[in-house]
Protein chains: 2
Amino acid sequence: MTSYQAPLRDIHFSAFELHNFADHYRQLPGAEDLTPELCSAILEESAKFAETVLAPINSSGDLEGARWHNGLVTTPKGFKQAFAAFAEGGWMGLSYDEQYGGQGLPKSLETLTAEMRSGANMTWSLCPSLAKGAIDTLKAWGTEAQKQTWLAPIIQGRWTATMCLTEAHSGTDLGLLKTRATPQADGSYRISGSKIFITFGDHDWTDNIVHLVLAKLPDAPKGSKGISLFIVPKFQLKDDGTPGQANNVSCGSIETKMGLHASPTCVMNFDDATGYLLGNEHGGLQCMFTFMNTMRLGTGAQGVIHSQIALQKSQQYARERLQMRSLTGIKNPEGAADPIVVHPDVRRMLLTQKAIAEGGRLFVHYMAKQSDLRDRAQCEKTREQADQLLSFLTPIGKAFLTELGLEAASLGIQCFGGHGYIHETGVEQNLRDARIATLYEGTTGIQALDLLGRKVLGSGGQLLGLFTRQVQDFCQQPHPETIQPLTDLLNQHCQDWATMTQAIAEQAMANADEVGAASFDYLMYSGYTILAFFWAQAAELALEKIETGDDCDGFYQAKLETARFYYARLLPRAQSHRSAALAGADSLMKIAESGFCF
Amino acid sequence: MTSYQAPLRDIHFSAFELHNFADHYRQLPGAEDLTPELCSAILEESAKFAETVLAPINSSGDLEGARWHNGLVTTPKGFKQAFAAFAEGGWMGLSYDEQYGGQGLPKSLETLTAEMRSGANMTWSLCPSLAKGAIDTLKAWGTEAQKQTWLAPIIQGRWTATMCLTEAHSGTDLGLLKTRATPQADGSYRISGSKIFITFGDHDWTDNIVHLVLAKLPDAPKGSKGISLFIVPKFQLKDDGTPGQANNVSCGSIETKMGLHASPTCVMNFDDATGYLLGNEHGGLQCMFTFMNTMRLGTGAQGVIHSQIALQKSQQYARERLQMRSLTGIKNPEGAADPIVVHPDVRRMLLTQKAIAEGGRLFVHYMAKQSDLRDRAQCEKTREQADQLLSFLTPIGKAFLTELGLEAASLGIQCFGGHGYIHETGVEQNLRDARIATLYEGTTGIQALDLLGRKVLGSGGQLLGLFTRQVQDFCQQPHPETIQPLTDLLNQHCQDWATMTQAIAEQAMANADEVGAASFDYLMYSGYTILAFFWAQAAELALEKIETGDDCDGFYQAKLETARFYYARLLPRAQSHRSAALAGADSLMKIAESGFCF
């Protein structure tokens, strides 16, 4: 029950059939030679790595957990070896610059392979995922010398990296942080302070760890405009660039937490550690956002992954577990009972998981494609538009997909009945591991404020319009009769999106709390509408394949039925979010602070 | 952060102000002397026990866990002593017959005290909760001799009890079970088989454990009509009724599970163990339902408990944690930031928890009152009506409240941000412990089928009508202007409930799968409407208190605001459930069994 099958078939459908990555790569500078055959070979190798190296140590890693002893962290059996194999295979550098030892392939291809690794073993995958944030940050803000020194070993999988952001009293509010950086005569800095929640802050995998640490300079302005980012290695470097003496960086303890047991969540103490400024003085917030935007895209994809794991395990169990007879007559006369997949309510749960996993995948791949365009497109206008679309979609992708990922993971347990509560089925670990996703890299509430406050209202509706025009263009195309009811509904949701936005904007002019009060439900409405956009496209493509006789295994028919399910049974939730988003701030703000509990 | 405060103020509001338990007890045979003062004294003692004995060992119990060694189970530090104190205090027998050593008080009072114990330590409380199911079953089906022998020691807290129902291949489908009972010449039976998921199947608390075991007699009819129930003690009794030699009952192992770590979930092996028939031959299913109905009421209350725990911890954290400034201006100028309770989205989460906890409590107390009436009312018609109401409400109370309890528990983590994922805050344990509640004693899917299939359609709508007439009567009373918008909405929901039921009934005549396809969303719609009924009553009562100047601490104002929140932001969900319930079976049944995953 705990094994993992990489969903290659559906990844192919989403990326290459619907989003047409083959054409996309042909036109993308530097990716012109990336043929569909080459992509398939890479994806198959990646699937093999996920299924045979990472999946077998997922459940054992959870039971064993990371250990802290005398300031040193060890990870469960097989974890270190898996990272060595990963580095050896050149996977860390897949989408990074060849001049630093990477393979220079597009980020979207990295997204496809990362899904499989994280699906097989989310906990192990956290460390390479964090490295991606660090790589993008070093690339964007490092000097050429810093890139040669710090970036190359990370890209080559020789070292790993962290982001040291949170302090006990300072999470979302970075202006409150206390870690100090004191300039030294040689141009370096002495860093002192204590950080918490540092994922893989220490481990036994590599001979160095590069910490990116937010700290304040002595003359720092108050608040979040006064933070700077520093490179602080676990070991200082010798003249030849290899790790030398220890750098006053130590792991004080690791947390006991709900899930991700194999991932050490470290308290990291910096005690006059030597660090090097990355980017500008007091420019740490901007650097941090480079890191954060990479991580948020990856976290949104985790929602898809948790849904996929739940779906895989649940559907297998539902087809094997015999219990009760179908109400419409015996379906499995040879057995003592029918498989529970005959019961409508079990199907409701499986279809919910499927609609989230596969619809979410379409959404994630759309963003991955925009990410390629933002980074590499020839035309500046295309790059700009992609950047704007990503800026609008990232908070939705991050928060909506992880919220739905939690639901799907919880339904994974529900499909197993009491057995789902037991470790060996793997579904309870999936929920425990998934539960972090709506919290880290900015909670759902923070994403919602970012979306409605900064992105939508902050752009005067311009970013919203950029996306909804695509939806409207799609709706206005001619559609087959079977699909038209879906696109009609989609079109209606798209119009309601605009009028809802307008209504909230007007409320917000009178009271700033109206933004926060509407934000969560606004984000959820947006997410359901976006998923409807992708499900309508999937349905139309599936229908085309069915009608041209290309559906030998029923893949497209199942896709079409799932789209119908989504529209009939999940999309109605958008309306309840719309009602709540329009309910106004009074329904939240009038109760006294002391009134919540007596 | 892990301590627990018994919500005495809100328990009093619900039971004594809204549901008027004082008058209710005055009219209830055997409870006439139960004055409000006496009730208060009992509740305060119960709160003290929960807060000082049970709460301190909740978190440590989770970390330590139950242990199995060589067939024997030990529970974490303090658990055995807590049970001894509980038994010593006479709490086990609070609502049971004085002739067996109980105190003869109404069940509803037991419900009030049980909430506090379970809130303080759900895991410990599972064992006494199970005893309640066993007591009701022994009371209903035992001979007088059996009651003297087995019931009295359980009521007195000298022994505990279990229900041994599930087998590895037989959960919901009891007809599949394989445990055998062979009649002996002396009237006893030899029981052989293996049961799983037996909560507190073994432990170190008492010198005997009474297992109620479902098994099949040699001549049993097929299916669920062929099961019988047996009393099988861990130790056989000597002539004086005290435990003697061991009875071939052994605990083979305990499960590693998501939560409830301190509660041993046992594989129980019966190897020619001596048992005694309880109730009629082949009448086990009926006996099991006596047990199950008691447990389902208690499990519904757990949804309230998980919400209450989440609310308590979250609101305390939200008032202490300083992070960011309010968008409408600084609220805490002395501090480095404002407490997060100023942010609208944090309030949305707190109000959701509060609306579920306190609305759910009103629902649970209503059912507890009906439970008293069913058991004790003078007039047969009252007893019958209470029985019918309970029969209708039990599946909703069980499933809806536990589903919402999960949501509230998950929001409890969300309010803490990343800190919520860490064990020491207590909120992640709350979700792990809560996650069982929608699974055991019949999953949500099973409750939904029971509600729509057996109770609503099975009674030709009669049971639904019995309840909705109360709602309509309330709506038709004159209401203050402030309350009228709520009762108008409630009335509309009540009418829609009836028309939706009619529509599903018509669909179901053509296709039996329509019942299963609509059932989950039908149940959720019902739950939201029922909670709206109770919140409207609470709002009206609160307004009355405010207007008569009785709101010195803001309790009633907060109640009124929470009612408004519920109507504005949670009740809209009922509409999306209605849409889904009416979507028809095709949206679930047309996809092929092999189509869920490729």
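Here the structure is a predicted model, which means the values were calculated and not measured. (Residues numbered from 1 in each chain as written. Chains lettered and ligands numbered in written order. Predicted model: local features only at pLDDT ≥ 70, side-chain atom pairs only at ≥ 80, totals over all residues. Heavy atoms only, no water.)

1. Brief notes about the overall build of chain A
Argument step 1. Looking only at helices and strands, one finds 19 helices and 11 strands in chain A.
Argument step 2. Taking 25 Å as the expected radius of gyration for a compact globule of 598 residues, we find that chain A reaches 24 Å, a close match to that expectation.
Argument step 3. Principal-axis analysis of the C-alpha atoms gives chain A an extent of 80 × 65 × 60 Å.
Argument step 4. When the 598 residues of chain A are sorted by exposure, 64% land in the buried category.
Argument step 5. Contacts spanning at least 24 positions in sequence make up 73% of the contacts within chain A whose residues lie at least 6 apart.
Argument step 6. Counting only carbon and sulfur atoms, one obtains 50% of the accessible surface of chain A, whose full area is about 20500 Å². (Helix = DSSP H or I, 4+ residues; strand = E, 2+ residues; numbered from the N terminus. Rg over C-alpha atoms; globule rule 2.2 N^0.38 Å. Buried < 20%, exposed > 50% of the residue type's maximum accessible area, 1.4 Å probe, protein only. Contact = heavy atoms within 4.5 Å. Areas by Shrake-Rupley, 256 points an atom, 1.4 Å probe, with all protein chains shown as cover.)

2. Observations regarding the packing of helix α10 (residues 344-376) of chain A against helix α17 (residues 555-570) of chain A
Residue and element names in this part refer to chain A.
Argument step 1. One can describe the packing of α10 onto α17 by two numbers: an axis separation of 9 Å at closest approach and a directional angle of 100°. As summarised for this structure, α10 and α17 are arranged roughly perpendicular, according to the angle between their axes. Between α10 and α17, the residues in contact are Arg348, Leu351, Thr352, Lys354, Ala355 and Glu358 and Ala558, Lys559, Thr562, Phe565, Tyr566 and Leu570, respectively.
Argument step 2. Looking at the contact of α10 with α17 residue by residue, the class counts come to six nonpolar, two polar and four charged. (Axes fitted to C-alpha atoms, helices over the stretch in contact; angles between N-to-C directions. Parallel < 35°, antiparallel > 145°, perpendicular 65-115°, else oblique. Nonpolar A, V, L, I, M, F, W, Y, C, P; charged D, E, K, R; others polar.)

3. Here's the deal with the pattern of salt bridges
Argument step 1. Following the criterion strictly, the structure yields 48 salt bridges over all chains and no others.
Argument step 2. B:Glu110 is the salt-bridge partner of B:Arg117, the closest N and O atoms lying 3.1 Å from each other. Taken as a pair, B:Arg117 and B:Glu110 share a single burial class, namely buried.
Argument step 3. The network of salt bridges with common partners includes A:Asp10, A:Glu115, A:Lys354, A:Glu358, A:Arg361 and A:Lys559. (Salt bridge = Lys/Arg side-chain N within 4 Å of Asp/Glu carboxyl O.)

4. What about the interface of chain B and chain A?
Argument step 1. At the interface, 98 residues of chain B touch 98 residues of chain A.
Argument step 2. Scanning the region where chain B abuts chain A turns up two salt bridges.
Argument step 3. The partner of B:Arg569 in a salt bridge is A:Asp521, and the shortest N-O contact between them spans 3.7 Å.
Argument step 4. Where chain B packs against chain A, one counts 46 residue pairs in polar contact (both at pLDDT 80 or more).
Argument step 5. Considering each element in turn, the side of chain B that touches chain A owes the most residues, eight residues, to helix α10 (residues 344-376) of chain B.
Argument step 6. Its residues assigned to classes, the side of chain B that touches chain A comprises 43 nonpolar, 32 polar and 23 charged. (Polar contact = N/O pair within 3.5 Å; in protein donor to acceptor, adjacent residues only side chain to side chain.)

5. Some points on unusual backbone geometry
Argument step 1. Here A:Met324, not a glycine, exhibits a phi torsion of approximately 65°, which is positive.
Argument step 2. Mapped onto the elements, A:Met324 comes out in the loop between α9 (284-320) and α10.
Argument step 3. With phi around 50°, B:Leu260 is a residue other than glycine that occupies positive phi space.
Argument step 4. Turning to its location among the elements, B:Leu260 is positioned in the loop between β10 (249-254) and β11 (265-278).

6. Side note on the side chain of A:Glu358
Argument step 1. Along the chain, A:Glu358 falls in helix α10.
Argument step 2. Given the relative accessible area of 5%, A:Glu358 is considered buried.
Argument step 3. If we skip the residues at most four places from it in the chain, A:Glu358 touches A:Asp10, A:Leu311, A:Trp535, A:Lys559 and B:Phe596.

7. Comments concerning the confidence of the model for chain A
Argument step 1. Averaged over chain A, the pLDDT score is 97; the fraction of residues at 70 or greater is 100%.
Argument step 2. Here the predicted complex scores 0.98 on pTM and 0.97 on ipTM. (pLDDT = per-residue confidence, 0-100.)

8. Some details on the relation of the copies chain B and chain A
Argument step 1. Superposing chain B onto chain A requires a rotation of 180° together with a translation of 0.0 Å along the rotation axis, leaving an RMSD of 0.0 Å. Look at the turn and shift together and you get a two-fold axis relating the two. Minimal C-alpha separation from the rotation axis in chain B is found for B:Ser576, amounting to 3.2 Å.
Argument step 2. When you check the interface residues of chain B against chain A, 100% turn up at the interface there too, and the contact is symmetric in its surfaces. (Least-squares fit on C-alpha atoms with pLDDT ≥ 70 in both.)

9. Re helix α18 (residues 573-581) of chain B
Argument step 1. Residues of α18(B) that are buried include every one of B:Ala574, B:Ser576, B:His577, B:Ala580 and B:Ala581, and no others. The buried residues of α18(B) occupy an angular sector of 160° when the element is viewed end-on, so they sit on one face. (Arc of directions from axis to C-beta.)

10. Some words on the nonpolar core
Argument step 1. Counting 348 residues, the largest nonpolar core has A:Phe392, A:Phe467, A:Tyr566, B:Phe392, B:Phe467 and B:Tyr566 as the members making the most contacts within it.
Argument step 2. Those residues within four positions of B:Phe392 in sequence are excluded, and the remaining contacts are B:Leu451, B:Val456, B:Leu463, B:Leu464, B:Phe467 and B:Trp497. (Core = buried A, V, L, I, M, F, W, Y, C linked by side-chain atoms within 4.5 Å.)

11. Topic: the packing of aromatic side chains
Argument step 1. Under the criterion given, the structure shown has 60 aromatic pairs over all chains.
Argument step 2. Centre to centre, the rings of A:Phe83 and A:Trp124 are 6.3 Å apart; their planes meet at 50°, and the pair counts as tilted. A residue pair is termed long-range when its members are at least 10 positions apart, and A:Phe83 in helix α5 (residues 79-88) and A:Trp124 in helix α7 (residues 122-141) qualify at 41 residues. You'll find A:Phe83 and A:Trp124 in the same group, each marked buried.
Argument step 3. Residues A:Tyr366 and A:Phe467 carry aromatic rings whose centres are separated by 6.1 Å and whose planes lie at 85° to one another, so their mutual orientation is edge-to-face. Residue A:Tyr366 is located in helix α10, and its partner A:Phe467 is located in helix α14 (residues 462-476); the two are separated by 101 residues in the primary sequence. In terms of burial, A:Tyr366 and A:Phe467 fall into one category: buried.
Argument step 4. Through successive ring pairs, a cluster of aromatic residues spans A:Phe363, A:Tyr366, A:Phe392, A:Phe467, A:Phe474, A:Trp497, A:Phe533 and A:Phe534.
Argument step 5. Directly above the aromatic system of B:Phe555 lies the positively charged group of B:Arg9, at a separation of 3.9 Å from the ring centroid.
Argument step 6. The side chain of B:Arg454 reaches across the aromatic face of B:Phe289, ending 5.8 Å from its centre. (Phe/Tyr/Trp six-rings, centres within 6.5 Å; stacked < 30°, edge-to-face > 60°. Lys NZ or Arg CZ within 6 Å of the ring centre and 35° of its normal.)

12. Observations regarding the environment of A:Val213
Argument step 1. By secondary structure assignment, the location of A:Val213 is in strand β6 (residues 209-216).
Argument step 2. Those residues in contact with A:Val213 that lie beyond four places of it in its chain are A:Cys164, A:Thr179, A:Ile191, A:Lys195, A:Ser228, A:Leu229, A:Phe230, A:Val232 and A:Phe270.

13. Here we look at the side chain of A:Lys257
Argument step 1. As for its placement among the helices and strands, A:Lys257 is situated in the loop between β10 (249-254) and β11 (265-278).
Argument step 2. Although A:Lys257 lies buried, it forms no salt bridge, and the closest oppositely charged side chain, A:Asp433, sits 8.1 Å away as judged by the N-O distance.
Argument step 3. A distance of 3.0 Å separates a polar side-chain atom of A:Lys257 from the backbone oxygen of A:Leu260.
Argument step 4. In contact with A:Lys257, other than residues within four places in its own chain, are A:Ser263, A:Thr265, B:Tyr421, B:Ile422, B:His423 and B:Glu428. (Lys, Arg positive; Asp, Glu negative; His and termini not counted.)

14. Regarding the packing of helix α1 (residues 8-18) of chain A against helix α16 (residues 513-547) of chain A
Residue and element names in this part refer to chain A.
Argument step 1. Look at α1 against α16: their axes get within 12 Å of each other, and the N-to-C directions meet at 85°. When the axis of α1 is compared with that of α16, the two are roughly perpendicular. Here α1 contributes Phe13, Glu17 and Leu18 to the contact with α16, which in turn contributes Gln537, Ala538, Leu541 and Lys545.
Argument step 2. For the contact of α1 with α16, the residue count by class is four nonpolar, one polar and two charged.

15. A short note on the pairing of strand β3 (residues 160-164) of chain B
All names here are of chain B.
Argument step 1. For β3, a buried count of five out of five residues is recorded, marking the element as mostly surrounded by other parts of the structure.
Argument step 2. Here β3 shows a buried face lined by Thr160, Thr162 and Cys164 and a second buried face lined by Ala161 and Met163.
Argument step 3. Where β3 lies against strand β6 (residues 209-215), five bridges are found, and the strand directions are parallel. Each bridged residue has a counterpart across the sheet, and for Ala161 the counterpart in β6 is Val210. (Pairing = 2+ DSSP bridges.)

16. Quick notes on the environment of A:Asp521
Argument step 1. Inspection of the secondary structure assignment puts A:Asp521 in helix α16.
Argument step 2. Taking the C-alpha atoms as reference, A:Asp521 lies 20 Å from A:Ile591; in sequence the two are 70 residues apart.
Argument step 3. A:Asp521 has contacts with A:His577, A:Ala580, A:Ala581, B:Arg348 and B:Arg569, leaving out every residue within four places of it along the chain.

17. Considerations on helix α13 (residues 444-457) of chain A
A turn of α-helix holds 3.6 residues, and therefore any two residues three or four places apart point the same way.
Argument step 1. If you check α13(A), its first and last C-alpha atoms are 18 Å apart, about what 14 residues at 1.5 Å a residue would give, namely 20 Å.
Argument step 2. A bend of about 25° at A:Asp450 is the largest found in α13(A). (Expected span 1.5 Å × (residues − 1). Bend = angle between axes of the 7 residues up to and from the residue.)

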